[in-house]
Amino acid sequence: MTAVLGFVTRTETGAFKGHLRTLNIRADIDVVPVRDKTSAAYPDYRVTCAGVEVGAGWNNINQTTHQPYVGLSLCHPDIGPRTYKVNLGRAAGQDDDDVFALIWNAED
């Protein structure tokens, strides 16, 4: 089962701005590129909410379609006791190339 936990829009700077929406959380988030990575393992993005870091993101390649995507790990006490892995992708019926759904796979 998958669920959409919000939407973000890609900005001209390569960042994403949008909303995290769950039954308990309504928050604006920023997904900002890390410009000074010191290692390949270092995140490509930092995820913040009101200036508080709540996650990180990495550029990935889909193994089936070979298309690039961004995967996020969201983790903060206000979100809950576990890390949520979400991917930026297209929601059903979406046609704007700069808008991405935060898609969570419940099996993660």
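Structure report, in brief. (Residues numbered from 1 in each chain as written. Predicted model: local features only at pLDDT ≥ 70, side-chain atom pairs only at ≥ 80, totals over all residues. Heavy atoms only, no water.)

**Some thoughts on the packing of aromatic side chains**
Counted under the stated rule, the structure contains 3 aromatic pairs. Between F16 and F100, the aromatic rings sit 5.6 Å apart at their centres with planes inclined by 85°, giving edge-to-face as the arrangement. Taken together, the positions of F16 in strand β2 (residues 16–21) and F100 in strand β8 (residues 99–105) put the pair 84 residues apart, joining distant regions of the chain. On the numbers, 5.7 Å between centres and 70° between planes, the contact of Y84 with W104 is edge-to-face. Pair noted here: Y84 is in strand β7 (residues 84–89) and W104 is in strand β8, with a separation of 20 residues, a long-range link. Relative accessible area serves as the criterion here: at 18%, Y84 is assigned to the buried category. Classification of W104 by relative accessible area gives buried; the value is 15%. (Phe/Tyr/Trp six-rings, centres within 6.5 Å; stacked < 30°, edge-to-face > 60°. Helix = DSSP H or I, 4+ residues; strand = E, 2+ residues; numbered from the N terminus. Buried < 20%, exposed > 50% of the residue type's maximum accessible area, 1.4 Å probe, protein only.)

**Some words on the sheet that holds β2**
What the 8 strands build is a closed barrel, ordered β1-β2-β3-β4-β5-β6-β7-β8; its pairing is antiparallel. Adjacent strand axes in the sheet meet at a mean angle of 30° when their direction is disregarded. The pairing of strand β4 (residues 45–49) with strand β5 (residues 52–61) spans 5 bridges and is classified as antiparallel. Within β5, the position partnered with Y45 by the bridge is G57. (Pairing = 2+ DSSP bridges. Axes fitted to C-alpha atoms, helices over the stretch in contact; angles between N-to-C directions.)

**Considerations on the environment of I25**
Structurally, the position occupied by I25 is in the loop between β2 and β3 (26–33). With relative accessibility at 14%, the residue I25 sits in the buried group. With 70 residues separating them in the primary sequence, I25 and D95 have C-alpha atoms 26 Å apart. Among all residues touching I25, those that are not within four sequence positions of it are L20, D78 and I79. (Contact = heavy atoms within 4.5 Å.)

**Quick look at the nonpolar core**
Grouped together as the largest cluster of nonpolar side chains are 20 residues, with contacts concentrated most on F16, L72, L88 and L102. For this core, the secondary-structure elements that each account for two or more residues are β1 (2–10), β2, β3, β4, β6 (68–74), β7 and β8. Beyond its immediate stretch of four places on either side in the chain, L72 contacts V31, V47, A56, G57, Y84, K85, V86 and L88. (Core = buried A, V, L, I, M, F, W, Y, C linked by side-chain atoms within 4.5 Å.)

**A few points about the pairing of β6**
Along any regular strand, the residues point their side chains to alternate faces of the sheet. Burial analysis of β6 places 5 of its 7 residues in the buried class, the great majority of the element. Hairpin connection, β5 to β6: the antiparallel pair is bridged by 6 residues, and H66 has positive phi, about 60°. Taken together, the 5 bridges between β6 and β7 define a ladder with antiparallel strand orientation. Note that in β7 the partner of L74 across the bridge is Y84.

**Some words on the pattern of salt bridges**
Tallied over the full model, the rule gives 5 salt bridges. Of the charged contacts, one joins D44 and K37 as a salt bridge, the two residues approaching to 2.7 Å between their closest N and O atoms. A residue is classified by how much of its surface remains accessible, and K37, at 29% relative accessible area, is partly exposed. Between E53 and R46 there is a salt bridge; the shortest N-O distance is 3.1 Å. The class for R46 is partly exposed, based on a relative accessible area of 23%. (Salt bridge = Lys/Arg side-chain N within 4 Å of Asp/Glu carboxyl O.)

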